[in-house]
Amino acid sequence: MSEHLIEASKFLSYVLRHEPEAIGITLDREGWADIELLIAAASTAGKWLDRELIATVVVTSDKKRFAFSDDGLRIRAVQGHSTASVDIDFVAQVPPEFLYHGTATRFLESIQSSGLVPGSRKYVHLSENEETALSVGSRYGKPVALKVSAGVMQERGFKFYRAENGVWLTLNVPAGFVVD
Ligand code: HQG
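Here we summarise the structure given alongside this text. (Residues numbered from 1 in each chain as written. Predicted model: local features only at pLDDT ≥ 70, side-chain atom pairs only at ≥ 80, totals over all residues. Heavy atoms only, no water.)

## So, the packing of aromatic side chains
What the rule picks out here adds up to five aromatic pairs. What links up through ring pairs into an aromatic cluster is the set Phe90, Tyr123 and Tyr161. Directly above the aromatic system of Phe98 lies the positively charged group of Lys147, at a separation of 4.4 Å from the ring centroid. (Phe/Tyr/Trp six-rings, centres within 6.5 Å; stacked < 30°, edge-to-face > 60°. Lys NZ or Arg CZ within 6 Å of the ring centre and 35° of its normal.)

## Some thoughts on the side chain of His101
In this structure, His101 sits in strand 4 (residues 99-104). Only 2.8 Å separates the side chain of His101 from the backbone oxygen of His125, close enough to count as a polar contact. In this structure, His101 is in contact with Leu116, Val124, His125, Leu126, Ala133, Val144, Ala145 and Leu146, ignoring residues within four places of it in sequence. (Helix = DSSP H or I, 4+ residues; strand = E, 2+ residues; numbered from the N terminus. Polar contact = N/O pair within 3.5 Å; in protein donor to acceptor, adjacent residues only side chain to side chain. Contact = heavy atoms within 4.5 Å.)

## Focus: the site of the ligand
The environment of the ligand is made up of 19 residues, and the closest members are Arg65, His101, Ser110, Arg139 and Tyr140. In the environment of the ligand, an oxygen atom lies 2.6 Å from a nitrogen or oxygen atom belonging to the side chain of His101. Backbone polar atom of Val117 to a nitrogen atom of the ligand: 3.0 Å apart, as the coordinates give it. If you list the elements that add at least two residues to the shell around the ligand, you get strand 4 and helix 4 (108-114). Across the shell around the ligand, the residue classes tally to six nonpolar, eight polar and five charged. Mapped onto the domain boundaries, the shell around the ligand takes at least three residues apiece from domain 1 (3-77) and domain 2 (99-179). (Near = heavy atom within 4 Å. Nonpolar A, V, L, I, M, F, W, Y, C, P; charged D, E, K, R; others polar. Domains from an automatic or database assignment.)

## Some points on helix 3 (residues 51-60)
For helix 3, the complete set of buried residues consists of Leu53, Ile54, Val57 and Val58. Down the axis of helix 3, the smallest arc covering the buried residues is 135 degrees, so these residues share one side. Exposed and oriented more than 90 degrees from the buried face of helix 3 are Glu52 and Val59. The secondary structure elements touched by the buried residues of helix 3 are helix 1 (3-18), helix 2 (35-44), strand 2 (66-68) and strand 3 (74-77). (Buried < 20%, exposed > 50% of the residue type's maximum accessible area, 1.4 Å probe, protein only. Arc of directions from axis to C-beta.)

This is the structure we're talking about:
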């Protein structure tokens, strides 16, 4: 991905997950933003975007972070939100027996005492494979992939959701369900 596309992708993550108000747009509860309004608001904020650039980011995003509405008029981030205005109505699903959470070794002590908590986001993010978790964890330091007994958690009543891009979400993981 070129620098230009990475910068546009980061900008879209910022406004569609975290700070829509920074450029004066609003997202609905499902996270959707009107693309024309987004382009106009971005331009007022000094950020140039057009439909073609947005479409290229959506299609080339390695993690499939964004999706267009069926009519092509709106865009949203499919997971990763911290803004309180968005609360996607995910349908709970049965997870695989184990899921992985990527973190940095410096957080392990705290995780052992408090379990996995969502931090500034709404959910704890989990992946089906260890490699993805390691790459997520490497953003914060020496990476480690924690194995989570998702199947047992679900049997005990914890809810799991799967975003369109395959990332699994749950509200929290008590320390006892982290198996290594
Ligand atoms: C850690 C990326 C101390 C947690 C990824 C993580 C993901 C604790 C950090 C998405 C803790 C939160 C989300 C505890 C959890 N004590 N630290 N009790 N519980 N943590 O960025 O999962 O590339 O909010 O391990 O692919 O790293 O941006 O969450 O290190 O899907 O599209 O607190 O972001 O996607 O960090 O990443 P984050 P995350 P993108």
